[in-house]
Amino acid sequence: MARYAFTLFLSAFLLFGVQPLAGRYALPWFGGTPAVWTACMLFFQGALLAGYAYAHASATRLPPRRQVQLHLGLLVLAVGALGARTLMMGSPVAPGPEWRSTGTEALLTGRLLAMLAVSLGFPFFVLSTTAPLLQSWFSRARPGVSPYRLYALSNAGSLLALLSYPFLIEPALSRSAQGRVWGVGFLIFAAGCATCAWDVWKRAEATPPGQAPEQAPGETGDSRRPDPWHSLAWLGLSACASVLLLATTNQLSRDVAAGPFLWVLPLGIYLLTFILTFEREAFYRRAVWVPLLIVSVGGVLRAFFEGPHWPLSFQLLAYGGALLAGCMVCHGELYRLRPAPRHLSAFYLLVSAGGVLGGVFVGLVAPHVFNTYSEYPLALAASCVVALVPLLSPSPHEGVLGRLGRMARVFLLASAVMGLGVSLLDIRREVRVTVRNFFGVVQVLELGVGDPERHLFSLKHGTTTHGFQLAEPSRRSRPTAYFTADSGLGLAIAEQRRLHEASGSPALRIGVLGLGVGTSAALAQAADTVRFYEINPAVISLAQGEGGYFSYLRDTPARVEVVRGDARISLEQELERGEARGFDVLALDVFSSDAIPMHLLTREAVALYRAHLAPRGVLALHISSSHLDLLPVTLAHARDSGMHATLVINKSQGDRLRSAWVILAPDAGFSQGPTFTGTAARVYRLEARDEAPLILWTDEHHSVLPVLRREPRERE
């Protein structure tokens, strides 16, 4: 059994270890949004389905030796393809630069799927065939021994790969090094698969295609051919768990950050439920997991009520607990309906097909059917229904207490379904527009109706306000939210203007990465040029006046330019054309809901921004976040680039929302000018030294800044 266990474990480790690596390549090229990982997961699930279909067809239609010949041929082709790609690209899995997206294509999901298919498709497909095919071979070589524990071992390898990636692999190895190590692992896997094939070849008998071994002792699966109802149940249960997985990942990523850690956490929980339920039936007990599901739904409803500012630990507990309980119910019921080993290839094929259906629903259908992230409460409600159905049939030996307990669970599950249904209803009367696309959900809200002092239109991306404009005509040009005159950006622009006026050239060139409602334009004057970079077409349309809600771009006396596409890619392309912009102030204000795309905060990204600055230009980095402390990152960039950092903090008050900006300037005296010293905002000049601790300097005192010192790294 050892050779099969080793090969299955290694194939699963490689299969899931390469997924976050592929996501890291795709994330900075496709906008850095949660939808990137959803599209990646759709590709992985589709390739897995193709592998399972191949394994099912091979196991049921070919004699053992023909299966061996065919599969060894595929292994040889896969190894050759990886070798050729390594020679051409320096890595067996790296996509070519021609796949880099500008964010302006109509079918971003299709482009991303095509990139993954070309760069990774064939070896991933070969790995996907391993679990069902080798279990089928094992059943032929060891008749009477259950192969289902091998499936649990395979999922354990997948889980280990996911857990090791953010903590061990990603911090230690560059992307290209990860690809090369993965290629070596694939060679070892191919050798192990060949030893299993040799075992099957030696033991092969002249049996008709499709004939499988006897049922294992103690195996409870039905030996009869599965009926259509069983097949639909396998499909539906696996699809429900898949939707819950992907929707949970979206829910977490949109308010924290899209990246490997928050990708692998839900996927790891999902795989853990497979391991537990397929390792031993006793691990899934309805009396335990149904109450946990009910409690977790209560936690999720609390998270909905609290919003994005609820502590991250509580959010992870609520959403992670709901995913664990929901998938345990789905996969536990799935395992109870498993067939005998002779039908396992069909079983795995339909389970994989259900996963693909879930991916198609979340990645392709839901964005066009729902204008909010409705798939998450729907998937959780479906899990409750799965738990509810068995409770509707009383046990023949059920006593009075058992009946009362069962009815109580039925009532609580029905209440949970109703609560999740209510959460789907957007009953807020202030919502005027809701748009959902590849880049998330955008809403326009009208607040303070009837009160001229408070009447305003607000733009929300996901659950976070991205700017607002007062409705009173005499106050519409006033800068608000995170972009007031005494915000970090407002102070940087005002100080640069003072310096330019002193030299006789008051006109400023201002660049802003992230458009919002265009509030930054209100800080500009007639001679200025403000150039915005924005990837979301819905945000651009609203900021340019669609619906009449926002008018900053139209009202400003400055010249306004809007560049559609990913900000970093657009800046790179401009630099490649020799079009360095010479910005006097370049502001980074890119958020996907409350999350900052991480590819815009790397060392390479900051070097790119500096290449677009004028000789005395400054960077203004908006680091406000409910869950991430980005100050250490910005200070590391200051130390790495030799620039001087100033932290400006404003509290929420009146037309102003709480904001934290870090100004990086080449001149140490920039933040000591009268603009900064005369403001009511909290201004801190930060000193980052290699040996000394980080010191927090103000005009009145100094103290040690309690943050970590870390070097900026390329996090793509």
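For the structure itself, look to the data block above.
Values in this document were obtained by computation on a predicted structure and should not be read as measured data.

Along its length, the chain carries 21 helices and 14 strands. Taken over 716 residues, the chain has a buried fraction of 57%. Taking contacts inside the chain between residues at least 6 apart in sequence as the whole, the part at least 24 apart equals 75%. Accessible area for the chain stands at about 28,600 Å²; split by element, carbon and sulfur atoms hold 61% of it.

Here we take up the side chain of Ser154. For Ser154, the position within the fold is in helix 6 (residues 148–172). The buried category is assigned to Ser154, whose relative accessible area is 8%. Aside from chain neighbours lying at most four places away, what touches Ser154 is Leu8, Ala12 and Ala131.

Let us now look at the packing of aromatic side chains. What characterises a pair of aromatic rings is the spacing of the ring centres plus the angle enclosed by the ring planes. Taken as a whole and judged by the stated rule, the model has 26 aromatic pairs. Grouped by ring-pair contacts, the aromatic residues Tyr52, Trp234, Tyr270, Phe274, Phe278, Tyr335, Phe347 and Tyr348 constitute a single cluster. In this arrangement the basic side chain of Arg65 is found over the ring face of Trp201, its NZ or CZ atom lying 4.6 Å from the centre. Its guanidinium or amino end placed over the ring of Tyr335, Arg338 lies 3.9 Å from that ring's centre, counting from NZ or CZ.

This model, assessed by the stated rule, comprises 22 salt bridges. Among the ionic pairs, Glu576 bridges to Arg100, the shortest N-O distance being 3.9 Å. Placement of the pair is Glu576 in helix 18 (residues 567–576) and Arg100 in the loop between helix 3 (64–89) and helix 4 (108–128), with a sequence separation of 476 residues. Between Asp655 and Arg475 there is a salt bridge, and its shortest N-O distance comes to 3.9 Å. A residue pair is termed long-range when its members are at least 10 positions apart, and Asp655 in the loop between strand 10 (644–650) and strand 11 (659–665) and Arg475 in the loop between strand 4 (464–470) and helix 15 (488–503) qualify at 180 residues. The same class applies to Asp655 as to Arg475, namely buried. Salt bridges linked by common partners bring Arg531, Arg559, Glu561, Glu574, Arg577, Glu579 and Arg581 together as one network.

Calculation criteria
Residues numbered from 1 in each chain as written. Predicted model: local features only at pLDDT ≥ 70, side-chain atom pairs only at ≥ 80, totals over all residues. Heavy atoms only, no water. Helix = DSSP H or I, 4+ residues; strand = E, 2+ residues; numbered from the N terminus. Buried < 20%, exposed > 50% of the residue type's maximum accessible area, 1.4 Å probe, protein only. Contact = heavy atoms within 4.5 Å. Areas by Shrake-Rupley, 256 points an atom, 1.4 Å probe, with all protein chains shown as cover. Phe/Tyr/Trp six-rings, centres within 6.5 Å; stacked < 30°, edge-to-face > 60°. Lys NZ or Arg CZ within 6 Å of the ring centre and 35° of its normal. Salt bridge = Lys/Arg side-chain N within 4 Å of Asp/Glu carboxyl O.

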